[in-house]
Amino acid sequence: RKQHLTIEAISQLKQDQRLIEMFKQLRDKNYKLACCSNSIRRSVLVMLSKIGLIEYMDLILSNEDVKNSKPHPEMYWKAMSYFSCIPTETVIFEDSVVGKIAASDSGANLIEIKNRADLNIDKINKFIKKHRR
C-alpha cells in the first residue's frame, strides 16, 4: 500500500526546469552525477523521470542496491567506488536526517539542504570555490 501511494504521489510531479538547467550546467562542467536514494528503485526511476533529471544521472542507487540503507554510508561508498573517487572529491546534497548521517559518516563533503528548491547552482559554485585546492 505504501509503495502504491508513493508512486501515486510521484506521478503528480512535473518537470522542474530550474533543476534541469542546473544539471545541464553541472554536466557541461564534466561533473559525475548520482542519485542515491533510500527509496525502492521503481520509485526513484519514476521520480527522476517525472522531474526530467533521469538523463543527467551517471549512476542511480536505491535501497535495493545495498545491504545497508541510510543512515549507513554504504550507498555513498558504493557511488564513490563506482566513480573511482575518494570522499574529499565527493559532494553530497542531503535533506533528510538519515541521509545527512550517511553522508557525514561516508567522509564526503556534505551540503545540507532543506528541500529540492534549496538546491541551486550558486550554492554549488560557492561550495566548490571555497573548497577548491
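Refer to the structure printed above.
Where do I start with the pairing of strand β3 (residues 91–94) in this structure?
Consecutive side chains along a regular strand alternate between the two faces of the sheet. Taking every second residue as pointing to the same face, the buried face of β3 carries Ile-92 and Glu-94, while none of Val-91 and Phe-93 on the other face is buried. For the crossover from β3 across helix α5 (residues 97–106) to strand β4 (residues 109–112), the handedness is right-handed.

How should the pairing of β4 be read in this particular structure?
Both β3 and β4 contribute to a ladder of 4 bridges, which runs parallel. Its bridge partner lying in β4, Val-91 is registered against Asn-109.

Can you help me understand unusual backbone geometry in this one?
Backbone geometry follows two general trends: most residues other than glycine have a negative phi, and most peptide bonds adopt the trans configuration. A cis amide bond links Lys-70 to the next residue, Pro-71, at an omega of 25°. In this fold, Pro-71 is placed in the loop between β2 (59–61) and α4 (74–82). For Ser-84, which is not a glycine, the phi torsion comes out positive at approximately 55°. Looking at Ser-84, the relative accessible area reads 65%, which means it is exposed.

Each value, and the rule that gives it
Residues numbered from 1 in each chain as written. Predicted model: local features only at pLDDT ≥ 70, side-chain atom pairs only at ≥ 80, totals over all residues. Heavy atoms only, no water. Buried < 20%, exposed > 50% of the residue type's maximum accessible area, 1.4 Å probe, protein only. Helix = DSSP H or I, 4+ residues; strand = E, 2+ residues; numbered from the N terminus. Right-handed = clockwise from strand over helix to strand, strands pointing away. Pairing = 2+ DSSP bridges.

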